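Chain by chain, the residues run as shown.
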Amino acid sequence: MLTWLAEFSGTFPVLNVFRYITFRAGGATATALLFVFFFGPAAISWLRLKQGKGQPIRTDGPETHLAKRGTPTMGGLMIMSGVFAATLLWGNLRNPYVWIVLGVTACYGAIGFYDDFLKVTKQSHKGFSGKARIGIEVVVALIACTLIMQTQPPAISSGFAMPFLKDAIIPLGLLFPLVTAFVVVGAGNSVNLTDGLDGLAIVPVMIAAGTFGFISYLVGNAIFANYLQINHVPGSGELAIICGAVIGAGLGFLWFNAPPAQIFMGDTGSLGLGGLLGTIAVATKHEIVLAIVGGLFVVEALSVIIQVGVYKRTGKRVFLMAPIHHHFEKLGWTEPQVVIRFWIISVVLALVGLSTLKLR
């Protein structure tokens, strides 16, 4: 739609508004929100009918979670549908970054969907083979990061940017896809581990998407990038449209995912959204900033790594239960307390991440 309207903007000046990224980002947010909000009830009913018993609940988890039995999963299909519909409607489909990010999102979402499918059909927590799953994620990330490197100007294409330092780039050369693929894979799985309580993952994802939508807009604008002394990445401003779509779809999904949840995001959504954020961070040269803005996801992932590593070595547990949100539940925090306090932490981390832009 955007391409067609842009071609006629010379004849009809009023259509020039469709060239503005800010206007289209707002349009994508509203479109994704309405899409998920109106189609959500039908999707939930269909998933509940197909899944029967819904997502299996961990018997070793907090007792309050047992009441969630029968809740359908794969709610990520609702989010992904809203994001894709809004992006295809409002995005510039001639921009390679749009297709790279959507490609990673689709692939990671498909991996998560297969994992959810196995868990639901087998009524077991053992889904897709861990090694096979990570292997496919790495291949997808390597392809995406290689395409990003080929798309960007030679001066910055193979460099790793450092926040707080003026135009600082660490040249990685052919190692660039390997290093940045780790960012994409790590982001996908970190968000996946965070998705364990009603509304816990989707709001931090929206906060991160909003932050990177702002960053994408600034990085893609030569004037703003020069003023802020950050690397200018031509064409990356278009990623703000996708970020807007994530916010809209996330808000629509939260309507149904708010406690008590009518549907769970599942690996379909968490893996896809995490891969999306990681790819945008690589494209905008703000990989380290993602680790700050998505610090909650990092902590969740680290809690699992530490728990498993220490237990294998000593037979003892560092946390009462991992990921860490379950640890706080075991300490006596109610689920809403954990969720809302983690949301607050996400807002603070987003503000810290934005401070790296040296706004003045």
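About the thresholds
Residues numbered from 1 in each chain as written. Predicted model: local features only at pLDDT ≥ 70, side-chain atom pairs only at ≥ 80, totals over all residues. Heavy atoms only, no water. Helix = DSSP H or I, 4+ residues; strand = E, 2+ residues; numbered from the N terminus. Buried < 20%, exposed > 50% of the residue type's maximum accessible area, 1.4 Å probe, protein only. Contact = heavy atoms within 4.5 Å. Areas by Shrake-Rupley, 256 points an atom, 1.4 Å probe, with all protein chains shown as cover. Phe/Tyr/Trp six-rings, centres within 6.5 Å; stacked < 30°, edge-to-face > 60°. Salt bridge = Lys/Arg side-chain N within 4 Å of Asp/Glu carboxyl O. Expected span 1.5 Å × (residues − 1).

A. The overall build of the protein chain, seen in detail. Secondary structure assignment for the protein chain yields 15 helices and two strands. Each of the 360 residues in the protein chain was classed as buried or not, and the buried ones make up 52%. Pairs at least 24 apart in sequence give 75% of the contacts found in the protein chain among residues at least 6 apart. Of the roughly 15900 Å² that the protein chain leaves accessible, carbon and sulfur atoms contribute 70%.

B. Region of interest: the packing of aromatic side chains. Going through the model one piece at a time under the given rule, you end up with eight aromatic pairs. Considering the side-chain rings of Phe37 and Phe256, the 6.4 Å spacing of their centres and the 35 degrees angle between planes classify their relative orientation as tilted. Placement of the pair is Phe37 in helix H2 (residues 21–51) and Phe256 in helix H10 (residues 239–257), with a sequence separation of 219 residues. Classification of Phe37 as partly exposed rests on a relative accessible area of 30%. Arranged with centres 6.0 Å apart and planes meeting at 85 degrees, the rings of Phe328 and Phe342 form a pair that is edge-to-face. Highlighted residues: Phe328 in helix H14 (residues 324–330) and Phe342 in helix H15 (residues 335–355), separated in sequence by 14 residues. Classification of Phe342 by relative accessible area gives buried; the value is 4%.

C. Region of the structure containing the pattern of salt bridges. Per the stated rule, a full pass over the model turns up six salt bridges. Its salt-bridge partner being Asp267, residue Lys119 comes within 3.4 Å of it at the nearest N-O pair. Here the residue Lys119 occupies a position in helix H4 (residues 96–122), and Asp267 occupies one in helix H11 (residues 266–283), the gap between them amounting to 148 residues. Between Arg133 and Asp267 there is a salt bridge, and its shortest N-O distance comes to 3.2 Å. Note that Arg133 is positioned in helix H5 (residues 130–151) and Asp267 in helix H11, a separation of 134 residues in sequence.

D. Structural detail: helix H3 (residues 76–90). End to end, H3 covers 21 Å across 15 residues, agreeing with the expected 21 Å (1.5 Å per residue, within 8%). All buried positions along H3 are accounted for by Gly76, Met78, Ile79, Met80, Gly82, Val83, Ala86, Thr87 and Trp90.

E. Layout of the side chain of His286. Structurally, His286 can be placed in the loop between H11 and helix H12 (287–293). Apart from the residues within four sequence positions on either side, His286 is in contact with Phe212, Ile215, Val219, Ala281 and Leu357.

F. Just unusual backbone geometry, in detail. Between Pro259 and the following residue, Pro260, the backbone shows a cis peptide bond with an omega angle of -10 degrees. Structurally, Pro260 is set in the loop between H10 and H11. Here the residue pair Ala322 and Pro323 is connected by a cis peptide bond, since its omega of 0 degrees sits within 30 degrees of zero. Looking at the element boundaries, Pro323 is found in the loop between helix H13 (295–314) and H14. In this structure, Met74 is a non-glycine residue whose phi angle is positive, near 70 degrees. Mapping Met74 onto the fold places it in the loop between H2 and H3.

Purely geometric numbers; function is a separate question.
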